[in-house]
Amino acid sequence: MTDTLYDVLIIGGGPAGLTAGLYTSRAKLKSLLVERMILGGQVMTTTKVENYPGFPGGIDGPELMMRFQEHCQEFGLETLSGEVAGLRDLGTVKEVTVDGQRFRARSVIVTTGAEPRKLGIPNEAAFTGRGVSYCATCDGAFFRNVPVAIAGGGDTAAEEALFLSRFASKVYLVHRRDRLRATKVLQDRILAHEKIETVWNSVISEVVGDQSGVTGLVLADPEGGNRRTLEVTGLFVAIGVVPKAHFLAGILDLDAEGYILTDAECRTSIPGVFAAGDVRKKILKQIATAVGDGAIAAIVAEKYLDELG
Ligand SMILES: Cc1cc2nc3c(=O)[nH]c(=O)nc-3n(C[C@H](O)[C@H](O)[C@H](O)COP(=O)(O)OP(=O)(O)OC[C@H]3O[C@@H](n4cnc5c(N)ncnc54)[C@H](O)[C@@H]3O)c2cc1C
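The following paragraphs examine the structure supplied in this document.

The rules behind each value
Residues numbered from 1 in each chain as written. Predicted model: local features only at pLDDT ≥ 70, side-chain atom pairs only at ≥ 80, totals over all residues. Heavy atoms only, no water. Helix = DSSP H or I, 4+ residues; strand = E, 2+ residues; numbered from the N terminus. Buried < 20%, exposed > 50% of the residue type's maximum accessible area, 1.4 Å probe, protein only. Core = buried A, V, L, I, M, F, W, Y, C linked by side-chain atoms within 4.5 Å. Contact = heavy atoms within 4.5 Å. Near = heavy atom within 4 Å. Polar contact = N/O pair within 3.5 Å; in protein donor to acceptor, adjacent residues only side chain to side chain. Nonpolar A, V, L, I, M, F, W, Y, C, P; charged D, E, K, R; others polar. Pairing = 2+ DSSP bridges. Axes fitted to C-alpha atoms, helices over the stretch in contact; angles between N-to-C directions.

1. Let's talk about unusual backbone geometry
Stage number 1. Phi is positive for Lys28, which is not a glycine, with a value near 65°.
Stage number 2. With respect to the helices and strands, the residue Lys28 is situated in the loop between helix H1 (15-26) and strand E2 (31-35).
Stage number 3. Among the residues examined, Lys28 registers a relative accessible area of 74% and is labelled exposed.
Stage number 4. The backbone of Asn123 shows a phi angle near 75°, a positive value even though the residue is not glycine.
Stage number 5. Tracing the chain through its elements places Asn123 in the loop between strand E7 (114-116) and strand E8 (132-133).

Laid out in structure tokens, this is it:
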């Protein structure tokens, strides 16, 4: 057990965690941010961010997150490299386990984010950011007047197909079954859309590409037969997202998918524990909303600490 009692311990160093850390350290609260990988979160895996305000023309993901880090350093935010595996509520003090070592804090902000589910097929990782994307809202505008495909059959896949149809010349919705799981209203819109073509009873078994990026996909029947190539320059994978809150199951209230349930001010089911960013159940998972959440969680944590006295 370390001797220090932190005012705020932040779990996760993506946009939400770094924003929370910026606010709490600027407010002179004794803050520690714990990150298991490199600081910056999911944004470190994207080449260009075009929809974060203040950067006309866009900015590289890693460069944006470097600025977040530098800004936190300006206010002296303490950071620690390690993975959080446990959280215990001891009333006015919370105990957080990082790689087997116990840390104490008067409040905790969970900003552990989420991860898009991968297809797990050959070349998927090699072409991520070069034609393979997990976020139509983020990357759709890069695919103007070219054919793209979407993997998935639920509401997200259907919504992303409709969104992509604004840019792409053609959108193939590839689904392993012969009907969508999306709600009826979305299905009707997809099936009636002139630019969207459904490819039923098919799985994507490989991404094909060259120096320029993705050039096509190898499709097959769900059983693996009837292999053929679909020529597209983009693949959007919309088969679900995994929130990184498994270590909090049974401790905080989570929804059926594993997202942390909070009120509008980022309070969780434990007083003094807040959640911000993609790990929280909410409508839009983007940098702008993660940043907004991080700021709210920090200010509400500060008020909570004031009331504790
Ligand atoms: C490829 C890609 C491109 C994207 N492009 C855009 C875009 O152009 N515009 C946009 O607005 N949004 C974009 N997004 C979405 C955006 O990145 C997320 O909405 C945002 O990063 C969420 O921030 P966050 O801080 O909540 O979580 P994350 O960014 O996921 O950060 C969470 C951090 O917590 C750490 N962590 C997790 N568990 C633990 C643990 N137990 N202990 C310690 N640390 C832990 C993780 O390692 C991670 O660094 C993109 C996402 C991806 C994947």
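Back to the write-up after that little detour.
2. So, the nonpolar core
Stage number 1. Counting residues in hydrophobic clusters, the biggest one holds 30 residues, and the most contacted among them are Tyr52, Leu64, Phe68, Ile109, Phe274 and Ile287.
Stage number 2. Mapped onto this core, the elements with two or more residues apiece are strand E1 (5-11), H1, helix H2 (61-74) and helix H6 (287-308).
Stage number 3. A total of nine residues in this core trace back to one element, the largest contributor, which is H6.
Stage number 4. Setting aside its immediate chain neighbours within four residues, Phe274 contacts Ser107, Val108, Ile109, Val110, Glu265, Cys266, Arg267, Thr268, Ala297, Val300, Ala301 and Tyr304.
Stage number 5. Grouped together as the second largest cluster of nonpolar side chains are 22 residues, Val34, Val96, Leu248 and Leu252 included.

3. Some remarks on the site of the ligand
Stage number 1. Neighbouring the ligand are 32 residues; Glu35, Gln42, Asn51, Asp278 and Ile287 lie closest to it.
Stage number 2. At 3.2 Å from an oxygen atom of the ligand is found a side-chain nitrogen or oxygen belonging to Arg36.
Stage number 3. Val84 places a main-chain nitrogen or oxygen 3.0 Å from a nitrogen atom of the ligand.
Stage number 4. Residue composition of the shell around the ligand, grouped by class: 13 nonpolar, 14 polar and five charged.

4. Concerning the sheet that holds E8
Stage number 1. The five strands lie next to each other as E8-E15-E9-E10-E11, forming an open sheet whose pairing is parallel. Two strands close off the open sheet at either side, each with one partner strand: E8 and strand E11 (196-199).
Stage number 2. Across four bridges, strand E9 (residues 147-151) lies against strand E15 (residues 234-237) in parallel orientation. When the sheet's bridge partners are listed, Val148 is paired in E15 with Gly234.
Stage number 3. Packing against the sheet, helix H4 (residues 155-164) makes contact with E9, strand E10 (170-174), E11 and E15, and its axis sits at approximately 170° to E9.

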